[in-house]
Amino acid sequence: MNRVVGIERGGNHTVVEAAIGALPPRSSVPDAQEQRFPRVDEAGPIRRDMEGPSHDVADEYRKAMRDLAASVTIVTTRCGNEIHGMTASAVCCVSLTPPLLLVCIAKSTRTHRLIAEGGVFAVHLLLQAQRDLADRFAGRLIGCDERFNGLAYDHGMTGAPVLLDCLAFLECRVTAAHDGGDHTIFIGSVEDVGRREGGRPLIYFQGDYVSDVALATSTTERGAYVAGLSA
Ligand SMILES: Cc1cc2nc3c(=O)[nH]c(=O)nc-3n(C[C@H](O)[C@H](O)[C@H](O)COP(=O)(O)O)c2cc1C
């Protein structure tokens, strides 16, 4: 069972932090529910060796998170004259009214220091063709001080650099910062948004970028589920 370790209010939503623990035994799932949601994987039920001597929750957690497909973003920030930015996928909508967005930033990063001191950040959703940009802002291609070299950017209304070539940007002012282990959860009120229609997002899945996101052919009023991801 996941144990709740923190509850924070954010707009009309509440952020509940949970520590990972053992799930309830499978026998507690009622039969009627199994019939309503038939198994979709012929490989059978999920492996449950939680009691085994070699079971390492931290290691299994890391592996499970590789299956959490996530949009890739670049988070930029400014403090005084210093601008910086990094690649981040731990980004989430917190609330629509008021508009609040959260980013989880490792305490060890330079971006963390600048957001904590400057109080502003801008999140940029990347396009599928921008994996090199994601690698650059993750420190994989060039030095830390060269990340903005050759890129078109403006100074946004918060002062954070706004990259002009992306799927969407959201400029935020920090309203709260919560401790989250080796990361800090920064919640920002969204002060400006720019977006383009119809672009495909860059997705990270199982430790790599997804080269093709197949959108479902049938859509509902609320939107469409993604039908497939290819590596
Ligand atoms: C796809 C991808 C997603 C990432 N997501 C995050 C994230 O959500 N939070 C984080 O702290 N680091 C994340 N990182 C790692 C940072 O981008 C990396 O540590 C970066 O070099 C930090 O830069 P800085 O220390 O110069 O600020 C991610 C890296 C990649 C490639």
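Refer to the preceding data block for the structure.
Visitor: So what's going on with the site of the ligand? Which residues, and what values?
Guide: Around the ligand, a shell composed of 19 residues is seen, among which Ala90, Ala106, Thr109, Thr111 and Gly139 lie nearest. For the shell around the ligand, the secondary structure elements donating two or more residues are β5 (82–88), β7 (100–106) and α3 (110–118). The biggest single contributor to the shell around the ligand is β5, with four residues. Looking at the shell around the ligand, its residues break down into eleven nonpolar, seven polar and one charged.

Visitor: I'd like to hear about the pairing of β5, residue by residue, with values.
Guide: By the criterion of burial, β5 is predominantly enclosed, with five of the seven residues buried. Following strand β4 (residues 73–79), the chain reverses through two residues before pairing antiparallel with β5; Gly80 in that reversal takes a positive phi of roughly 60°.

Visitor: Break down the sheet that holds strand β14 (residues 208–210) for me, citing the residues and quoting the values.
Guide: Strand order in this open sheet of three strands is β3-β13-β14, and the pairing throughout is antiparallel. Of all strands in the sheet, those bounded by a partner on one side alone are β3 (70–71) and β14. The pairing of β3 with strand β13 (residues 203–205) spans two bridges and is antiparallel. The partner of Ala70 across the bridge, within β13, is Tyr204.

Basis of the calculations
- Residues numbered from 1 in each chain as written.
- Predicted model: local features only at pLDDT ≥ 70, side-chain atom pairs only at ≥ 80, totals over all residues.
- Near = placed C-beta within 6 Å.
- Helix = DSSP H or I, 4+ residues; strand = E, 2+ residues; numbered from the N terminus.
- Nonpolar A, V, L, I, M, F, W, Y, C, P; charged D, E, K, R; others polar.
- Buried ≥ 20, exposed ≤ 12 C-beta atoms within 10 Å, placed from the backbone.
- Pairing = 2+ DSSP bridges.

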